[in-house]
Amino acid sequence: MTDLLPAPGLTGLLLGTTPPGVYRLPPADTTARVVSLAAEAEWRGATLHLGGVTTKTAFLERCAGDLEFPEWFGRNWDALADCLTDLSWWREEGKARGYLVLAEEWTAFRKASPKDARTAEAVFGDAVDYWAEAETPLAVLLG
């Protein structure tokens, strides 16, 4: 199970006092607040809407659409890892201080498809680790 985003919360993550990671979003934080704070901190953010997603196929389709993956995204776990460790598709819009993926309704997806959620979380974790020492880190929040 992923840990809750530690104090000082989202602000610490965006300012670099909390290391990048895959964290559960505190219940008090809303998508709008997360997106707003990320933009203010010059982080490029994307929201992955998982409402109604109950399978691996649906999860990967939602990733392709919501995260605006490139056409070469192969809709499998390896391709998800490739997109999250490449980020050239995301960096085209200019410099960012970091990258943030907010997965909304993660708990419902995890309950509907626990094995797929564990795999997705592992892929997210590997991608975060890949970017941890980079100038522009990646963080994932599971809401």
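Residues numbered from 1 in each chain as written. Predicted model: local features only at pLDDT ≥ 70, side-chain atom pairs only at ≥ 80, totals over all residues. Heavy atoms only, no water.

Novice: Whenever I open this one, the overall build of the protein confuses me. Can you help?
Specialist: When you go through the protein residue by residue, the secondary structure sums to 7 helices and 4 strands. Taken from the N to the C terminus, the helices and strands of the protein come in the order α-β-α-β-α-α-α-β-α-α-β. Over its C-alpha atoms the protein spans a radius of gyration of 14 Å, differing by no more than 12% from the 15 Å that the globule rule assigns to 143 residues. Across its three principal directions, the C-alpha atoms of the protein cover 35 × 30 × 25 Å. For the protein, the residues scored as buried account for 46% of the 143 residues in total. In the form shown here, the protein has an accessible surface area of approximately 7200 Å², with 50% of it arising from carbon and sulfur atoms. Measuring between centres, the 13 positive side-chain charges of the protein sit 5 Å from its 21 negative side-chain charges. (Helix = DSSP H or I, 4+ residues; strand = E, 2+ residues; numbered from the N terminus. Rg over C-alpha atoms; globule rule 2.2 N^0.38 Å. Buried < 20%, exposed > 50% of the residue type's maximum accessible area, 1.4 Å probe, protein only. Areas by Shrake-Rupley, 256 points an atom, 1.4 Å probe, with all protein chains shown as cover. Lys, Arg positive; Asp, Glu negative; His and termini not counted. Charge placed at Lys NZ, Arg CZ, Asp CG, Glu CD.)

Novice: For this particular structure, what's the right way to read the pattern of salt bridges?
Specialist: It is possible for side chains of opposite charge to pair when their charged atoms get near one another. Applying the stated criterion across every chain, the model contains 2 salt bridges. Note that arginine 33 is salt-bridged to aspartate 29, the shortest N-O span being 2.3 Å. The class for aspartate 29 is buried, based on a relative accessible area of 12%. Of the charged contacts, one joins glutamate 61 and arginine 75 as a salt bridge, the two residues approaching to 2.5 Å between their closest N and O atoms. One end of the pair, glutamate 61, is in helix H3 (residues 56-66); the other, arginine 75, is in the loop between H3 and helix H4 (77-86), and 14 residues separate them in sequence. (Salt bridge = Lys/Arg side-chain N within 4 Å of Asp/Glu carboxyl O.)

Novice: Help me out: how do you make sense of the sheet that holds strand S1 (residues 22-24) in this one?
Specialist: Read from one edge of the open sheet, 4 strands run S1-S4-S3-S2, paired in parallel fashion. Across the chains shown, the open sheet's two edge strands, defined by having one partner strand only, are S1 and strand S2 (43-49). The average undirected angle you get between the axes of adjacent strands in this sheet is 20°. Of the strand pairs in this sheet, strand S3 (residues 98-104) and strand S4 (residues 138-142) are connected by 5 bridges, and their pairing is parallel. The residue bridging alanine 103 from the neighbouring strand is leucine 142, located in S4. (Pairing = 2+ DSSP bridges. Axes fitted to C-alpha atoms, helices over the stretch in contact; angles between N-to-C directions.)

Novice: What should I look at first to understand the packing of H4 against helix H7 (residues 114-131) in this one?
Specialist: Running from amino to carboxyl end, H4 crosses H7 at an angle of 25°, the nearest separation of the two axes being 9 Å. With respect to each other, H4 and H7 are oriented roughly parallel. Where H4 crosses over H7, the two elements pack in a sense that is right-handed. Here Trp77, Leu80, Ala81, Leu84, Thr85 and Asp86 of H4 lie close against H7, whose contacting residues are Asp116, Thr119, Ala120, Val123, Phe124, Ala127, Tyr130 and Trp131. For the contact of H4 with H7, the residue count by class is 10 nonpolar, 2 polar and 2 charged. (Parallel < 35°, antiparallel > 145°, perpendicular 65-115°, else oblique. Left-handed = near helix turned anticlockwise from the far one by under 90°. Contact = heavy atoms within 4.5 Å. Nonpolar A, V, L, I, M, F, W, Y, C, P; charged D, E, K, R; others polar.)

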